[in-house]
Amino acid sequence: MKKYIKLIVAAVIAAIFIGTFVFLWQKSQPKEVVYNEFTPTVDSIQKTTIITGKIEPRNEVNIKPQISGIISELLKEPGDHVNVGDVIAKVKVIPDMSQLSSAEMRVRLADINLKQAEVDYKRMENLHEQKLVSDDEYDKSKINLQQAKHERTAAQDALEVVRDGVSKSNAKASSTLIRSTISGVILDIPVKVGNSVILSNTFNDGTTIATVANMNELIFRGNIDETEVGQLVISMPMKITIGALQDLKFDANLEYISPKAIESNGANQFEIKAAVKLAEGGKIRSGYSANAEIVLAHADKVLSVPESAIEFSGDSTFVYVIKGEGKEKQYERRYVETGLSDGVNIEIKKGITVKDKVRGPEIITDEDTKE
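Residues numbered from 1 in each chain as written. Predicted model: local features only at pLDDT ≥ 70, side-chain atom pairs only at ≥ 80, totals over all residues. Heavy atoms only, no water.

1. Description of the side chain of Ser-304
One can find Ser-304 in strand 16 (residues 289-306). Among all residues touching Ser-304, those that are not within four sequence positions of it are Pro-40, Thr-41, Asp-43, Ile-45, Ile-346, Glu-347 and Ile-348. (Helix = DSSP H or I, 4+ residues; strand = E, 2+ residues; numbered from the N terminus. Contact = heavy atoms within 4.5 Å.)

2. So, the pattern of salt bridges
The full count for this structure, using the stated rule, is 17 salt bridges. Measuring nitrogen to oxygen at the nearest pair gives 3.8 Å for the salt bridge that ties Glu-73 to Lys-90. Taken together, the positions of Glu-73 in strand 4 (residues 69-74) and Lys-90 in strand 6 (residues 87-93) put the pair 17 residues apart, joining distant regions of the chain. According to the relative accessible area criterion, Lys-90 is partly exposed, its value standing at 32%. Residues Asp-136 and Lys-140 are paired through a salt bridge, measuring 3.7 Å at the closest nitrogen-oxygen approach. Residue Asp-136 and its partner Lys-140 are both found in helix 3 (residues 135-164); the two are separated by four residues, about one turn of the helix. (Salt bridge = Lys/Arg side-chain N within 4 Å of Asp/Glu carboxyl O. Buried < 20%, exposed > 50% of the residue type's maximum accessible area, 1.4 Å probe, protein only.)

3. Considerations on a nonpolar patch on the surface
A contiguous nonpolar surface patch, about 290 Å² in accessible area, is contributed by Met-105, Leu-109 and Ile-112. Checked against the element boundaries, Leu-109 lands in helix 2 (residues 97-129). (Patch = residues over 30% accessible without salt bridge, like charges linked within 9 Å, V, L, I, M, F, W, Y side chains within 5 Å. Areas by Shrake-Rupley, 256 points an atom, 1.4 Å probe, with all protein chains shown as cover.)

4. Structural notes on unusual backbone geometry
In this structure, Ser-235 is a non-glycine residue whose phi angle is positive, near 85°. Of note in the backbone geometry, Lys-301 takes a positive phi value of approximately 55° without being a glycine. On the secondary structure map, Lys-301 appears in strand 16.

5. Some points on the environment of Gly-79
Inspection of the secondary structure puts Gly-79 in the loop between strand 4 and strand 5 (81-82). For the pair Gly-79 and Val-212, spaced 133 residues apart in the sequence, the C-alpha separation amounts to 9.4 Å. Apart from residues lying up to four places away in sequence, Gly-79 is in contact with Val-185 and Ile-186.

6. Some words on the environment of Pro-259
Its location among the elements puts Pro-259 in the loop between strand 13 (248-257) and strand 14 (262-264). Judged by relative accessible area, Pro-259 falls into the exposed class, the value being 74%. Separated by 12 residues in sequence, Pro-259 and Glu-271 have C-alpha atoms that sit 8.5 Å apart.

Read these as geometric descriptors, not functional statements.
Quick look at the structure:
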């Protein structure tokens, strides 16, 4: 019995040894290399580029006050539509004390001059009735009285403007009423009631009361790399995609290419602008991120193969043309002249025809990946 057990154990060990030897021998044998095979096709090839940017209004205006003061009332909110001349806010004037004193002094002097002109006129009127003065002297006193009245009115208006920001005679054109200068949508009102505001002058830009834009005319603004800007031409069509709106797409036309590059992340880029064609009823908000797709070049009805089938050697390009079938299959290395590429397929200008079949990259199996 023990003899049979020993024979069985010896047989198992021998089988394991032989099986291991056969497995290692098979693994050491060179495997047949299998390649992808492609037949050239006649197709259209486009070279495109994607530009990242954003959507902006063509006409965006900052509304600023014509007088310094404090915001006393806001009559509009962001998102409201306004027309030219609509009042957005009211400003309460904080008068400058030196200007106020000068204006008050001017009113007092105007009062004195008016009273004296009235006395002179009455005297001349009495003398004129008695034929003691000429008509010319009488007319001069009348003119002096009218001038004094006008000066008194002008002085009072100036005092009211300095003190209140508005006078009775120009209430409709009051600088305390901040009006929109264009028709459009209010994008932002960065101030609140009680905030101090200053007018724009040569020393500062002034306080922005509101930003208004015409949202019916939008543009795409982005930057393109210097390696591609030379292929752009004004009026080129573009496809604008807004990812935040479920990949909403619009047509656009290139209308501006900056003549000067700007440096961004170590690369030179040029700013571009394109007029966006909005669909009727489309509502787009200012500042949406967007992508613009531009066709830089295209070739129609040309012979093409996958670019993975091309061997690049210096300035030359080659393909391997398949000759024969089965075990007699051979690969002929042949020079080809290439053209436009879209990153997947490449144009073949010379070297092969639609009757040829070319070798592609090696087919990688799951077993090869595991090894």
